[in-house]
Amino acid sequence: MAVESILVVDDEPLVRDLLNEVLKREGYRVTLVKDGHSALKRIKENHFDLVVTDVKMPGLDGLTLLKEIKKVSPST
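About the criteria used
- Residues numbered from 1 in each chain as written.
- Predicted model: local features only at pLDDT ≥ 70, side-chain atom pairs only at ≥ 80, totals over all residues.
- Heavy atoms only, no water.
- Pairing = 2+ DSSP bridges.
- Helix = DSSP H or I, 4+ residues; strand = E, 2+ residues; numbered from the N terminus.
- Axes fitted to C-alpha atoms, helices over the stretch in contact; angles between N-to-C directions.
- Contact = heavy atoms within 4.5 Å.
- Core = buried A, V, L, I, M, F, W, Y, C linked by side-chain atoms within 4.5 Å.
- Buried < 20%, exposed > 50% of the residue type's maximum accessible area, 1.4 Å probe, protein only.
- Salt bridge = Lys/Arg side-chain N within 4 Å of Asp/Glu carboxyl O.

Caption draft 1: Representation of the sheet that holds strand β1 (residues 5-9) within the structure. The strand order across the open sheet built from 3 strands is β2-β1-β3, with neighbouring strands paired in parallel fashion. With partners counted over all chains shown, the strands left at the sheet margins are β2 (29-33) and β3 (50-53), one partner each. Strand-to-strand, the axes of this sheet are offset by a mean angle of 20 degrees, without reference to chain direction. Judged from the 5 bridges that link them, β1 and β2 form a sheet pairing that is parallel. Bridge pairing in β2 links Val-8 to Leu-32. On top of the sheet, helix α3 (residues 62-72) reaches β1 and β3; it is set at about 165 degrees to β3, its chief contact.

Caption draft 2: Inspection of the nonpolar core at higher detail. Counting residues in each nonpolar core, the largest one holds 12 residues, listed as Leu-7, Val-9, Val-33, Ala-39, Leu-40, Ile-43, Phe-48, Val-51, Met-57, Leu-60, Leu-65 and Ile-69. For this core, the secondary structure elements donating two or more residues are β1, α2 (36-45) and α3. At 3 residues, the largest contribution of residues to this core is made by α2. Dropping the residues within four chain positions of it, Ile-69 is found in contact with Leu-40, Ile-43, Val-51, Pro-74 and Thr-76.

Caption draft 3: Highlighting the pairing of β1. Counting buried positions along β1 yields 5 of 5 residues, so the element is predominantly enclosed. Taken together, the 4 bridges between β1 and β3 define a ladder with parallel strand orientation. Opposite Leu-7, over in β3, you have Val-51 as the bridge partner.

Caption draft 4: Just the side chain of Thr-31, in detail. Of note, Thr-31 is situated in strand β2. Apart from the residues within four sequence positions on either side, Thr-31 is in contact with Ile-6, Leu-7, Val-8, Arg-42 and Phe-48.

Caption draft 5: Broad picture of the pattern of salt bridges. Counted according to the given criterion, the structure contains 4 salt bridges. Linking Arg-29 and Glu-4 is a salt bridge whose minimum nitrogen-to-oxygen distance equals 3.4 Å. Placement of the pair is Arg-29 in strand β2 and Glu-4 in the segment before β1, with a sequence separation of 25 residues. With a closest N to O distance of 2.9 Å, Glu-21 and Arg-25 form a salt bridge. Of this pair, Glu-21 and Arg-25 both sit in helix α1 (residues 13-25), 4 residues apart, which is roughly one turn of that helix. Here Arg-25 falls in the exposed class, since its relative accessible area comes to 59%.

Next comes the structure, spelled out in structure tokens:
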């Protein structure tokens with residue numbers, strides 16, 4: 001199954017923008033968020049095939065975020 005929709009989570013705008021540009025150029029639908037809490041909200045509202053996250057972020061870190069995503073969207 002091809003990955004079509006990607007959620008990018010990073011607190012650094014330059015990193016988000018770079019990933020957005022590269023992934024969109026490859027044909028993926030990309031959603032950008034700046035923190036783990038925003039990511040969880042988006043995951044509850046939409047399906048994403050893949051999540052690319054920073055590990056070190058203020059508030060909800062990337063590893064905790066991935067554990068929470070698996071609870072609400074196990075197929076991601």
